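Coordinate inspection notes
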Amino acid sequence: QLQASGGGLVQAGGSLRLSCAASGRTFSNYGMAWIRQAPGKEREFVAAITWNGGNTYYGDSVKGRFTISRDNTKNTVYLQMNSLKPEDTAVYFCAARYCSGYGCYAIYLRVNEYDYWGQGTQVTVST
């Protein structure tokens, strides 16, 4: 089970930190990702991180502004969002993909590769 939190309303230029707490499985067996969906738009891959945090990926629209991290001792993945823009407004979902062996060192960039999803948290950025 994945439980996302930390969304809210923020002015453009502000910051938010999203958290996603996992339970029920061995967290370090999963690559994690943040994916967002704005009204009327397709899901967009925001960021991903490997099991140990050694490899990360960012979508072009958030690169340099967002940072994904994880704490395996707390079974939690984070998304630090800085310099927020109105176009960042969306529901943000955390997602988990089981991995094993060398596959745990890869970043998976297709939304449908993720096995488990959280319920989403709304981020609204005002002008």
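As a starting point, this report considers the structure included with it.

What counts as what
- Just so you know, the residues in each chain are numbered from 1, in the order the chain's sequence is written.
- In keeping with the model being predicted, local features are shown solely for residues with a pLDDT of at least 70 and side-chain atom pairs are shown and tallied solely at 80 or more, while totals for entire chains, interfaces and linings include all residues.
- Note that water and hydrogens are dropped before the side-chain values are worked out from all heavy atoms of the structure.
- Runs of H or I in DSSP of at least four residues are treated as helices and runs of E of at least two as strands, each being numbered from the N terminus.
- Two things to know: the radius of gyration comes from C-alpha atoms, and the globule rule equals 2.2 Å times the number of residues to the power 0.38.
- Relative accessible area decides the class of each residue, using a 1.4 Å probe on protein chains only: under 20% of the type maximum gives buried, over 50% gives exposed, and in between gives partly exposed.
- We call two residues in contact whenever any of their non-hydrogen atoms come within 4.5 Å of each other.
- Each accessible area is a Shrake-Rupley result for a 1.4 Å probe, and residues are judged covered by the shown protein chains and nothing else.
- Classification of ring pairs rests on two measures: the distance between centres of Phe, Tyr or Trp rings, Trp counted by its six-membered ring, which must be within 6.5 Å, and the angle between planes, read as stacked under 30 degrees, edge-to-face over 60 and tilted in between.
- In this analysis a 1.4 Å probe is tested at points of a 1 Å grid over the protein atoms alone, and where it fits but cannot get out there is a cavity; an open set with protein on both sides within 12 Å along at least five of seven lines is a pocket; lining residues have an atom within 4 Å of a point.
- Grid points are joined across faces, edges and corners, and a volume is the space filled by probe spheres set on the points.
- Three classes are used, and their members are as follows: Ala, Val, Leu, Ile, Met, Phe, Trp, Tyr, Cys and Pro are nonpolar, Asp, Glu, Lys and Arg are charged, and the others, Gly among them, are polar.

This part is about the overall build of the protein. Across its full length, the protein holds zero helices and eleven strands. Along the protein, from the amino end to the carboxyl end, the secondary structure elements read β-β-β-β-β-β-β-β-β-β-β. Its C-alpha atoms give the protein a radius of gyration of 14 Å, within 12% of the compact-globule value 14 Å for 127 residues. Referenced to the eigenvectors of the C-alpha coordinate spread, the extents of the protein come out at roughly 45 × 25 × 25 Å. Expressed as a percentage of the 127 residues in the protein, the buried residues total 44%. Within the protein, contacts between residues separated by at least 24 positions form 61% of all contacts whose residues are at least 6 apart in sequence. With the model as given, the accessible surface of the protein reaches about 6,500 Å², and the carbon-plus-sulfur share is 47%.

Locating Y108 in the fold gives a position in the loop between β9 (90-98) and β10 (116-117). Judged by its relative accessible area of 18%, Y108 is buried. Separated by 51 residues in the primary sequence, Y108 and Y57 place their C-alpha atoms 9.1 Å from one another. In contact with Y108, other than residues within four places in its own chain, are F45, A48, R97, G103, E113 and Y114.

Our focus in this paragraph is the packing of aromatic side chains. Scanning all chains against the criterion turns up six aromatic pairs. Each ring, one from W51 and one from Y105, has its centre 6.2 Å from the other, and the planes form 90°; the classification is edge-to-face. Residue W51 is located in the loop between β5 (44-49) and β6 (56-58), and its partner Y105 is located in the loop between β9 and β10; the two are separated by 54 residues in the primary sequence. You can call W51 partly exposed: its relative accessible area is 25%. Residues F93 and W117 carry aromatic rings whose centres are separated by 6.2 Å and whose planes lie at 70° to one another, so their mutual orientation is edge-to-face. Remark: W117 occurs in strand β10 and F93 occurs in strand β9; sequence separation between them is 24 residues. Judged by relative accessible area, which is 17%, F93 ranks as buried. Residue class for W117 comes out partly exposed when judged on its relative accessible area of 29%. Clustering of aromatic rings is evident, with ring pairs tying together Y30, Y98 and Y116.

Let's shift gears to empty space enclosed by the protein. Rolled over the atoms, a probe with the dimensions of a water molecule shows which regions are left empty. What the rule picks out here adds up to two cavities of 30 Å³ or more. What the largest cavity holds in volume is close to 80 Å³. Along the walls of the largest cavity sit Q1, L2, A22, S23, R25, T26, F27, Y30, M32, A96 and Y116, which together make up its complete lining. Within the lining of the largest cavity, the residues separate by chemical class into seven nonpolar, three polar and one charged. Every residue along the wall of the second largest cavity is listed here: G31, M32, A48, I49, T50, R97, A106, I107, Y108 and Y114. Counted by class, the lining of the second largest cavity contains seven nonpolar, two polar and one charged residues.

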